[in-house]
Amino acid sequence: MKYKALATGMLCCLLSGISMAEVMVVAHAKSNISAVDQATLKKLFLGKTAKINGSKVRAVNLPDSNALKIEFDTKVVGKDPSKMKAYWANRIFTGKGKPLDQVSSEENMVVWLAENKDGIGYLSADSISSKLKVLLTIP
Amino acid sequence: MSIKKSLAAGALALALPMSAMAATDFKINGFANAGFAWVDSSETYLFSDKDGSFNESSFMGLQMRFAPNVDVPISFVTQLIARGRDDWNLEADWAYVSWQATEDFTVNVGRVKLPIFLISEAYDVGVTYPWIAPPEEIYGFANIPFTAMTGFNLDYNHFFDETWINAKFYMGRDNMSIPTMGTDIPGEITRMYGASFSFGTESLELRASVSTVEFSMQISDAVSSLPIAQNLQAEAGAAMMTATGLLALLNAAGDGTSNGNADAQETLAALGIVPGDYGTKQTETIEDLKKSYIEGQFNQSLFAAVPNGNGEAEFYSAGMRYDGDSIFFMTEVARRSVRGLPFPDSNTGFVTLGYRLNKMMPHFTYSVHESEDSILVNQTQTSAILGLRYDIQPWAALKFEAQYIELGDDNIRTSGPLAGTDQAALPSTGLFNELPALDTFTGDVPDEVIKLQVAYTMVF
């Protein structure tokens, strides 16, 4: 019975992505931005815009292999890791755009965002720091 | 002054010089392909033959992007590529400075790849498409023997909620060499310019473009010095002399009786020609003479009277690409029309359908290259390609391909002084690169070829 529940739980996880955590979209606590919608986020993380309501922002990413990044890309951008990689390879190598800034871990995301007032990134709920503010919570 | 306040002041003092100092941005990305190709022909097809070759689809690229100041929208981009097919010599198809004037409008100045067809700019980035390389009938150097230019492009992009549009204009110049008749004919592109317009959604792209290429080339000098040119002229000359001699003998021999010249009759008898055959032989010889004359003239038009000078080529293309959750569909048609220099016009196109099954994508392509009114080369061929892409990682894929190539029929000329003549028929050499020099006129050209390929492609 216990194993069955465990197996069902694992299957759920497998079917619905790697983790089930909420994704918090965050910025510097003193950022000009107070909120952001999913459509704008999608444009930001596809490199199609660098502005929210007219204010310049810099989107920062976690590494491709990071589970939270995969979840963010799937939920917000709507692309699986292969498609996301192909999309960015096309942009980067054909003169269409520059790659986004990237940090190696959620801890470094906190550090980077605390240093860059125009930054915008994403974290899991456990990594939220008082130096940051949450712009959007994606269930 | 409280401790808190002074701490804050200190922090501010520390932070100020940091933000006053211009932050630079430097990024390195790259891509690599390792491939093996095998062709069931002893002649070299593109870059491979029956011994197989790593050269055709093995290459490595490294891209550096440097922004001296993140607050100024100017960056310098260099992409260095080393290819097996070029003996791993480093070359730069991209080396430009980019100025993002507004969020929608970018100006790139320097060396940039030509946006001549839908995925020309992404030609080297294997993870962005299903095949090992985009179909050679349209993207290969036989159709477009130059891929980059030095000049500028203007790029306008606008994103709406669900859709986007892109308009691009470019202008520049370059050097090139066109492989013809087994030799590389050097040339200079004095000016090229073009525009493309595309629009689409997240998964769909529709595109049309037109480009003009003005070039100059010393074709006659290059081609008339080839041994084949000299041999063919000599052959045609010898055939004409034989026919003329035979006709003179037949005329002298009269009707074969004592009315005619006895010596001539004797010589003809020695050649096995008896008086009863004189009439038919005469008709045949006149035909032979005409044929040799036409061949001679044709060769002359080929090799001697080929103009040195300026030509102009126009490229028109229209394409669409749909990359959905499971279906991949892409089709493109292009026309090349050349004026001033004797390169054939071409009509090319392909259609690809792929179906994504988790990490696998089997795909099928039908692709055509048709030469029109050829004088120097006829490269008509069609290909059927069955392929499989397997995504090992989001950033790496393994690809397999089997290709069946059918070379086209003889190209009967439809215009010019030799229109309709059999002698002017030029057998297709397809996209074989060295055959034209060897086998065009002996007719010993394969009419079908099988090509097998495997490749690993990745980005980093």
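About the cut-offs
- Residues numbered from 1 in each chain as written.
- Chains lettered and ligands numbered in written order.
- Predicted model: local features only at pLDDT ≥ 70, side-chain atom pairs only at ≥ 80, totals over all residues.
- Heavy atoms only, no water.
- Helix = DSSP H or I, 4+ residues; strand = E, 2+ residues; numbered from the N terminus.
- Buried < 20%, exposed > 50% of the residue type's maximum accessible area, 1.4 Å probe, protein only.
- Contact = heavy atoms within 4.5 Å.
- Areas by Shrake-Rupley, 256 points an atom, 1.4 Å probe, with all protein chains shown as cover.
- Phe/Tyr/Trp six-rings, centres within 6.5 Å; stacked < 30°, edge-to-face > 60°.
- Pairing = 2+ DSSP bridges.
- Core = buried A, V, L, I, M, F, W, Y, C linked by side-chain atoms within 4.5 Å.
- Buried area = accessible area lost by both parts, 1.4 Å probe.
- Salt bridge = Lys/Arg side-chain N within 4 Å of Asp/Glu carboxyl O.
- Polar contact = N/O pair within 3.5 Å; in protein donor to acceptor, adjacent residues only side chain to side chain.
- Nonpolar A, V, L, I, M, F, W, Y, C, P; charged D, E, K, R; others polar.

Peer 1: Teacher, can you tell me more about the overall build of chain B here?
Peer 2: Across its full length, chain B holds seven helices and 16 strands. Residues classed as buried in chain B amount to 47% of the 460 residues present. Counted over contacts in chain B with a minimum sequence separation of 6, partners at least 24 positions apart contribute 60%. For chain B, the exposed area adds up to about 21300 Å²; of that, 60% sits on carbon and sulfur atoms.

Peer 1: Help me out: how do you make sense of the packing of aromatic side chains in this one?
Peer 2: Here a ring pair, both rings aromatic, is described through the centre-centre distance and the interplanar angle of the planes. All names here are of chain A. Scanning the entire structure with this criterion turns up 19 aromatic pairs over all chains. Each ring, one from tyrosine 87 and one from tryptophan 88, has its centre 5.8 Å from the other, and the planes form 90 degrees; the classification is edge-to-face. Judged by its relative accessible area of 16%, tyrosine 87 is buried. On the basis of relative accessible area, tryptophan 88 is assigned to the buried category, the value being 10%.

Peer 1: Would you take a moment to explain the sheet that holds strand 5 (residues 101–102) of chain A for this structure?
Peer 2: Strands in a sheet are paired, the pairing made by backbone hydrogen bonds, and the direction either parallel or antiparallel. Residue and element names in this part refer to chain A. Spatial strand order, 5-4-6-1-7: five strands in an open sheet with mixed pairing. Of all the strands in the sheet, the pair left with one neighbour each is strand 5 and strand 7 (132–138). In this structure, strand 4 (residues 58–61) lies alongside strand 6 (residues 119–124), joined through two bridges in parallel fashion. Paired with arginine 58 across the two strands is glycine 119, which belongs to strand 6.

Peer 1: Could you clarify how one ought to interpret the environment of lysine 43 of chain A in this entry?
Peer 2: Position of lysine 43 of chain A among the secondary structure elements: in helix 2 (residues 38–45). Residue classification places lysine 43 of chain A among the partly exposed positions, given a relative accessible area of 22%. A sequence separation of 34 residues divides lysine 43 of chain A from valine 77 of chain A, and the C-alpha atoms of the two residues are 8.1 Å apart. Not counting chain neighbours up to four residues away, the residues in contact with lysine 43 of chain A comprise Lys48 and Thr49 of chain A together with Phe159, Phe160 and Asp161 of chain B.

Peer 1: What should I look at first to understand the nonpolar core in this one?
Peer 2: Most often, soluble globular proteins keep nonpolar side chains buried together rather than apart. Formed by 44 residues in total, the largest nonpolar core has its most connected members in Val25, Leu41, Phe45, Phe72 and Ile120 of chain A. Elements represented by at least two residues in this core include exactly strand 1 (23–28), helix 2, strand 4, helix 3 (67–77), helix 4 (81–93), helix 5 (106–115), strand 6 and strand 7 of chain A. Residue contributions to this core peak at six residues, all from helix 4 of chain A. Ignoring anything within four residues of it in the chain, the contact list for leucine 41 of chain A reads Val25, Val36, Phe72, Val76, Ile120, Leu136 and Ile138 of chain A. Counting residues in each nonpolar core, the second largest holds 37 residues, with Met149, Ile178, Phe315 and Phe350 of chain B among its members.

Peer 1: How should the interface of chain A and chain B be read in this particular structure?
Peer 2: A common measure of how large an interface is: the accessible area buried when the components associate. Taken together, the 28 residues of chain A in the interface contact 32 residues of chain B. Taken together, the two surfaces of chain A and chain B that pack against each other cover about 2500 Å², and 54% of this comes from carbon and sulfur. It is Lys48, Lys83 and Phe93 of chain A that lose the most area in chain A upon contact with chain B, and together they represent 27% of the buried surface on that side. Linking chain A with chain B are five salt bridges. For glutamate 202 of chain B, the salt bridge identified is with lysine 48 of chain A, shortest N-O distance 3.6 Å. Connecting chain A to chain B are nine residue pairs in polar contact (both at pLDDT 80 or more). For the side of chain A that touches chain B, the secondary structure elements donating two or more residues are helix 2 and helix 4 of chain A. Here the side of chain A that touches chain B takes 10 residues from helix 4 of chain A, the largest share from any one element. Across the side of chain A that touches chain B, the residue classes tally to nine nonpolar, six polar and 13 charged.

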